[in-house]
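So you can see what is in the structure, the chains are spelled out below.
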Amino acid sequence: MTAAPTRVPLVDYLVLGDEPHLVAHECTACGARFFDRRNACASCSGTEFTTVPLATDGAVRAFTIVSFAAPGVPVPYVAALVDCGGTSVRANLVDVEPDADHVALGMPVRLTTFPIGTDEAGTEAVGFGFAPA
Ligand SMILES: [Zn+2]
């Protein structure tokens, strides 16, 4: 049997499909949200988490233009903190000129996904960013 080429998200908290979105682990005790897997909540030490989908629309809360990066990483690019319905997401902005004339605090953005690369088996890695909405 030949497996169809598959797409895998670059990070665990990116869910692909017809409507790609991010998910967070939410502490059932205090509502704090985390993207990585936790054994205990950093805010209240609770140990029960539920998975919640995040809004795909957000607003830029902070950003920086990155001019220097590791070899092979194209620069400049925009690293941002995006507020998605009250949850802060660290991500790069895409489809925008990476300068302060084109990026502004409060700018509405929307989640977007893009292929990062494909391995020998045809599995495509998919990353995410936010583009101007
Ligand atoms: Zn908590």
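Here the structure is a predicted model, which is why all the values come from computation and not from measurement.

What follows is about the overall build of the chain. Along the chain, the regular secondary structure elements total zero helices and 10 strands. Taking the principal axes of its C-alpha atoms as reference, the chain extends roughly 50 × 40 × 30 Å. Relative to its full complement of 133 residues, the chain shows a buried share of 14%. Considering only contacts within the chain whose residues lie at least 6 apart along the sequence, 45% involve residues at least 24 apart.

With that out of the way, let us pick up the pairing of strand β8 (residues 87-93). The two faces of a sheet get side chains in turn, since along a regular strand they alternate between them. Pairing analysis gives seven bridges linking strand β7 (residues 77-84) to β8, with the strands arranged antiparallel. Residue pairing across strands places Ala80 opposite Ala91, the latter belonging to β8. Following β7, the chain reverses through two residues before pairing antiparallel with β8; Gly85 in that reversal takes a positive phi of roughly 60°.

On to the nonpolar core, then. In this structure, Ala80, Val82, Val89, Ala91, Leu93, Val109 and Phe130 are the most contacted members of the largest nonpolar core, which totals 14 residues. At the level of secondary structure, the elements contributing two or more residues to this core comprise β7, β8, β9 (108-118) and β10 (124-132). Residue contributions to this core peak at four residues, all from β7. Discounting chain neighbours no more than four positions away, the residues touching Phe130 are Gly58, Ala80, Val82, Ala91, Leu93, Val109, Arg110, Leu111 and Thr112.

Inspection of the sheet shows strand β6 (residues 57-66) paired to β9 by three bridges, in the antiparallel sense. Directly across from Ala59, in β9, lies its bridge partner Pro108. Of the pairings in the sheet, the one linking β9 to β10 comprises nine bridges and is antiparallel in character. Across the sheet, the residue bridging to Gly117 is Ala125, located in β10.

Now for unusual backbone geometry. Of the consecutive residues Val75 and Pro76, the connecting peptide bond is found in the cis state with omega at -5°. Backbone geometry places Ser45, a non-glycine residue, at a positive phi of 70°. Mapping Ser45 onto the fold places it in the loop between β4 (33-34) and β5 (49-53). One non-glycine residue with positive phi stands out, namely Asp95, at about 55°. By secondary structure assignment, the location of Asp95 is in the loop between β8 and β9.

Thresholds, definitions, all that
Residues numbered from 1 in each chain as written. Predicted model: local features only at pLDDT ≥ 70, side-chain atom pairs only at ≥ 80, totals over all residues. Helix = DSSP H or I, 4+ residues; strand = E, 2+ residues; numbered from the N terminus. Buried ≥ 20, exposed ≤ 12 C-beta atoms within 10 Å, placed from the backbone. Contact = placed C-beta atoms within 7 Å. Pairing = 2+ DSSP bridges. Core = buried A, V, L, I, M, F, W, Y, C linked by C-beta atoms within 7 Å.

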